Amino acid sequence: MGDILARYDFLGAFWLTIQLSFWSALGALLVGTVIAILRVSPVPVLRLMGTAYVNTFRNTPLTLLMVFSILGASYVLGLSIAQSVETNLFYWAIIVLSVYHAAFVCEALRSGVNTIPAGQAEAARSIGLTFNQSLTEVLLPQAFRGAIAPLGSTLIALIKNTTVAAVIGASDAAGLMAVIIENETGTVGVFFLFALGFVILTLPLGVLFTSLSRKLAVKR
Amino acid sequence: MPEPLVVIEGVNKHFGDLHVLKDINLSIDKGEVVILIGPSGSGKSTLCRTINRLEAYESGSITIDGKKLPDEGKELANLRADVGMVFQSFNLFAHKTILENLTLGPIKVRKTPKAEAEKRAMELLKRVGVEAQAQKYPAQLSGGQQQRVAIARSLAMNPKVMLFDEPTSALDPEMVNEVLDVMVQLAKEGMTMIVVTHEMGFARKAADKVVFLADGEIVESNTPHEFFSNPQSARAKDFLSKILTH
């Protein structure tokens, strides 16, 4: 097994997984927050848009979205982001992972919003805060604190879901594992090694988010 | 002749089929303390909440200091800043310290410099007797302390009028007086106040006018002394007999 590891770029593959996870998590958090704001806004059309987004992306298989990004968007519709195939699929993988997990981030945040008593928004309005100020000063900070645990679960799911990028040929951890299993014999050890790699990435995050959710919980 | 500060004209509101406010007309002078009283479901809380448009209404108009209450947006926010509101369940911002609860409005809405807002906040906290708790969070305070902070938070905006929606109903009995004391003091200093309450003691001590509502209508409006000792309508007599016999 030692010589297998020497011939393949094990750390490089996990580095790509980490990069995919980081940028997708950032994207999902941004898009998800915007969608969550749409879903709690007082304007019915905006709420409808938010709901449509969540229902579309939460109910579509990630693999399907991932394949569509390359076969559909890049090749058929010609929506390539970068010249090189490798870079193009890296960017597309980040976009798909962001867009898909944004639906879950949105729902996590909305469950956070639901932990806030209606009186908080009324008090914010009654001292003259505008809708935007109520949102940024009173509602979202409390929503994020109430949503830390489900956001943590979404982040862990996202890290594991980066493996789906392997279906479009990304050379992340799962991509490399597929290659090794294809080319080598006696690869059960390799499989466990990759599994361990993911546990090392996700386990500390779980512990971190649990302790954060305890520490930052809003006492009522 | 004092001029009217809050003028409510022909206000109607429905909750579905229920007609909760029926053609309400009420005028409140500057410095006046008005008690809204009535049986449960009479519309007194709803009326209180329409005055800063936490509840929308279908017809009629509400004017505050000569300005008509706008429907939405920035203008409404500006007007609300001039109308203090104290809630039954305090509604202090749970993720902010007591001091931050008081400075949020002045800093964000009035654009007061932070140092100045904090200085004024400490003065107000001292006035309501909770300055020692300034760095704590709302959940660490007793109900009575939280409600006094809520009053101070409203005062920090220098409101023209203050609304109190059953401010002592959620409090343990021994904490009611500490809140009422602050309110009596405010009334004495000339604050215009609209108070939904069942505290007869407060009404007798501090109110200029008692407005009795039943089934969404103003049934009777009189001085506290006249209202309590000599109610005119059968509804008011019935209501008073139920609450004053204890």
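Predicted model, so just to flag it, every value in this text is computed and none were measured.

Visitor: Now, about the nonpolar core: what can you tell me, with residues and values included?
Guide: Judged by nonpolar contacts, the single largest core of 50 residues is most densely connected at Ile37(B), Leu125(B), Ile151(B), Phe164(B), Met183(B), Met193(B) and Phe202(B). Of the residues forming this core, the biggest block, nine residues, is contributed by helix H6 (residues 173–188) of chain B. If you look at the next biggest cluster of nonpolar residues, it comprises 44 residues, including Ala143(A), Val6(B), Leu47(B) and Phe93(B).

Visitor: Lay out the confidence of the model for chain A in plain terms, naming residues and giving numbers.
Guide: Any segment with low pLDDT has predicted coordinates that should not be analysed in fine detail. Scored by pLDDT, chain A has a mean of 91; 100% of the residues are at 70 or more. Mean pLDDT per element in chain A: helix H1 (residues 2–7) of chain A is the minimum at 80, and helix H3 (residues 44–58) of chain A is the maximum at 96.

Visitor: Can you lay out the sheet that holds strand S6 (residues 83–86) of chain B for me, pointing to particular residues and giving the numbers?
Guide: Residue and element names in this part refer to chain B. Within the open sheet, the six strands sit side by side as S6-S7-S8-S3-S9-S10. Their pairing is mixed. Edge positions in the open sheet fall to S6 and strand S10 (217–222), since each of these has one partner strand only. In this sheet, adjacent strand axes meet at a mean angle of 20° when their direction is disregarded. Strand direction decides the pairing type here: strand S3 (residues 33–37) and strand S8 (residues 192–196), joined by four bridges, are parallel.

Visitor: Outline the pairing of strand S4 (residues 59–64) of chain B, supporting the account with residue identities and numerical values.
Guide: Residues and elements named next belong to chain B. Taken together, the five bridges between strand S1 (residues 4–15) and S4 define a ladder with antiparallel strand orientation. Across the sheet, Ile 8 pairs through a bridge with Ile 62, a residue of S4. Direction of pairing for S4 relative to strand S5 (residues 67–68): antiparallel, over a ladder of two bridges. Within the sheet, the bridge partner assigned to Thr 63 lies in S5 and is Lys 68. Connecting the antiparallel pair S4 and S5 is a turn made up of two residues, with Asp 65 showing a positive phi of about 50°.

Visitor: Now, about the sheet that holds S4(B): what can you tell me, with residues and values included?
Guide: Ordered in space as S2-S1-S4-S5 (chain B), the four strands form an open sheet in which the pairing is antiparallel. Pairing within the sheet leaves two strands with one partner each, and these edge strands are strand S2 (18–29) and S5 of chain B.

Thresholds, definitions, all that
- Residues numbered from 1 in each chain as written.
- Chains lettered and ligands numbered in written order.
- Predicted model: local features only at pLDDT ≥ 70, side-chain atom pairs only at ≥ 80, totals over all residues.
- Heavy atoms only, no water.
- Core = buried A, V, L, I, M, F, W, Y, C linked by side-chain atoms within 4.5 Å.
- Buried < 20%, exposed > 50% of the residue type's maximum accessible area, 1.4 Å probe, protein only.
- Helix = DSSP H or I, 4+ residues; strand = E, 2+ residues; numbered from the N terminus.
- pLDDT = per-residue confidence, 0-100.
- Pairing = 2+ DSSP bridges.
- Axes fitted to C-alpha atoms, helices over the stretch in contact; angles between N-to-C directions.

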